[in-house]
Amino acid sequence: MIDRRLLLTSVTGLFGLAAFRMLKPSPAHSAEKFEIEKSDAEWRAQLTPQQYEILRNQGTERPWSSALLKEHRKGIFACAACDLPLFSSETKFDSGTGWPSFYRPLENAVGITEDRSYGVVRSEVHCRRCGGHLGHVFDDGPKPTGLRYCMDGLALVFHPGAPTPS
Ligand SMILES: [Zn+2]
């Protein structure tokens, strides 16, 4: 005879686990295919733990923690995971938010997906080539686009002096 209490407990346990999984923010673009795809272990080996948390796990760095906030030289900001050029210094601006901000990405550099984690709808920005999570884009930016690409500095690497396409 099946122990009814035991059965109920395991059903509740399974349901609880499913509910927990649903609450966890999952990358909206997980089904998307990217030019550069690596296993989880490969990304962990290549990136620092902080970079992994942002780029592969949709994390966010502490505001005002990025050295790139004070980066005012001319150059290119590239993906920290695959080095694809993403933003030109020409489009960087001081948003006062504590994260490096740009009003426009380079052409064919980023992809955008709707992010519904934490019960709010935001536009998630990721690298077009490797799918690495970079930050979010908001519509309260400066002219000429009115957009604010709010980026995690740890998801970017700066190449000073690199040619900046206008
Ligand atoms: Zn990338």
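Residues numbered from 1 in each chain as written. Predicted model: local features only at pLDDT ≥ 70, side-chain atom pairs only at ≥ 80, totals over all residues. Heavy atoms only, no water.

1. With respect to the coordination of the zinc ion
Right, on to step 1. In the first shell of the zinc ion, the protein supplies Cys79 (SG), Cys82 (SG), Cys127 (SG) and Cys130 (SG), at 2.3 to 2.4 Å from the metal.
Right, on to step 2. Coordination at the zinc ion is tetrahedral, judged from the four donor atoms that bind it and the angles of 101 to 114° they form at the metal.
Right, on to step 3. Every donor residue of the zinc ion comes from the same chain, spaced as C-x2-C-x44-C-x2-C. In this pair, Cys82 sits in the loop between β1 (75–79) and β2 (85–88) while Cys127 sits in strand β6 (residues 122–127), placing the two residues 45 residues apart along the sequence. (Donors = N, O, S within 2.8 Å, 3.2 Å for Na, K, Ca; no water. Tetrahedral: all angles 85-135°; square planar, octahedral: opposite > 155°, others 65-115°. Helix = DSSP H or I, 4+ residues; strand = E, 2+ residues; numbered from the N terminus.)

2. Some points on the pattern of salt bridges
Right, on to step 1. Taken as a whole and assessed by the stated rule, the structure comprises eight salt bridges.
Right, on to step 2. For the salt bridge of Asp115 with Arg122, the shortest nitrogen-to-oxygen distance reads 3.5 Å. (Salt bridge = Lys/Arg side-chain N within 4 Å of Asp/Glu carboxyl O.)

3. Structural notes on the sheet that holds β1
Right, on to step 1. If you walk across this open sheet you meet the three strands as β2-β1-β9, and the pairing is antiparallel. Single-partner strands in this sheet number two, and they are β2 and β9 (156–160). Ignoring strand direction, the axes of neighbouring strands in this sheet form an average angle of 30°.
Right, on to step 2. In this structure, β1 lies alongside β9, joined through five bridges in antiparallel fashion. Residue pairing for β9: Cys79 is matched across the bridge by Leu156. (Pairing = 2+ DSSP bridges. Axes fitted to C-alpha atoms, helices over the stretch in contact; angles between N-to-C directions.)

4. What to know about the sheet that holds strand β3 (residues 92–93)
Right, on to step 1. If you trace the six strands from one edge of the open sheet to the other, you get β3-β4-β8-β7-β6-β5, paired in antiparallel fashion. Looking at strand neighbours, the two that pair on one side only are β3 and β5 (110–115), the edges of this open sheet.

5. Examining the confidence of the model for the protein chain
Right, on to step 1. Within the protein chain, residue pLDDT values average 87, and 80% of them lie at 70 or more.
Right, on to step 2. Contacts of residues 7–12 to residues separated by more than four positions or lying in other chains number one contact, the stretch itself having pLDDT below 50.
Right, on to step 3. Every residue in residues 14–26 scores below 50 in pLDDT, and together they form two contacts with partners more than four places removed in sequence or on other chains. (pLDDT = per-residue confidence, 0-100. Contact = heavy atoms within 4.5 Å.)

6. Some points on the environment of Arg73
Right, on to step 1. Within the fold, Arg73 resides in the loop between α3 (49–55) and β1.
Right, on to step 2. With 87 residues separating them along the chain, Arg73 and Pro160 place their C-alpha atoms 6.5 Å apart.
Right, on to step 3. Setting aside chain neighbours within four positions, we find Arg73 in contact with Ser89, Phe158 and Pro160.
Right, on to step 4. There is a polar contact of 2.8 Å between the side chain of Arg73 and the side chain of Glu71. (Polar contact = N/O pair within 3.5 Å; in protein donor to acceptor, adjacent residues only side chain to side chain.)

7. A few points about the pairing of β2
Right, on to step 1. Taken together, the three bridges between β1 and β2 define a ladder with antiparallel strand orientation. Bridge pairing in β2 links Ala78 to Pro85.
Right, on to step 2. In this antiparallel pair of consecutive strands, β1 and β2, the connection spans five residues, and Asp83 shows a positive phi of 70°.

8. Focus on the packing of aromatic side chains
Right, on to step 1. Applying the stated rule across the entire model yields four aromatic pairs.
Right, on to step 2. Ring geometry for Phe77 against Phe158: centres 4.6 Å apart, planes inclined by 40°, an arrangement best described as tilted. Of this pair, Phe77 sits in strand β1 while Phe158 is found in strand β9, placing the two residues 81 residues apart along the sequence.
Right, on to step 3. Residues Phe87 and Phe102 carry aromatic rings whose centres are separated by 4.3 Å and whose planes lie at 20° to one another, so their mutual orientation is stacked. Taken together, the residues span a long stretch of sequence, with Phe87 in strand β2 and Phe102 in strand β4 (residues 101–102) at a distance of 15 residues. Taken as a pair, Phe87 and Phe102 share a single burial class, namely buried.
Right, on to step 4. Through successive ring pairs, a cluster of aromatic residues spans Phe77, Phe87, Phe102, Tyr149 and Phe158.
Right, on to step 5. If you follow Lys38 out to its NZ or CZ, it ends over the ring of Trp43, 5.1 Å from the centre. (Phe/Tyr/Trp six-rings, centres within 6.5 Å; stacked < 30°, edge-to-face > 60°. Buried < 20%, exposed > 50% of the residue type's maximum accessible area, 1.4 Å probe, protein only. Lys NZ or Arg CZ within 6 Å of the ring centre and 35° of its normal.)

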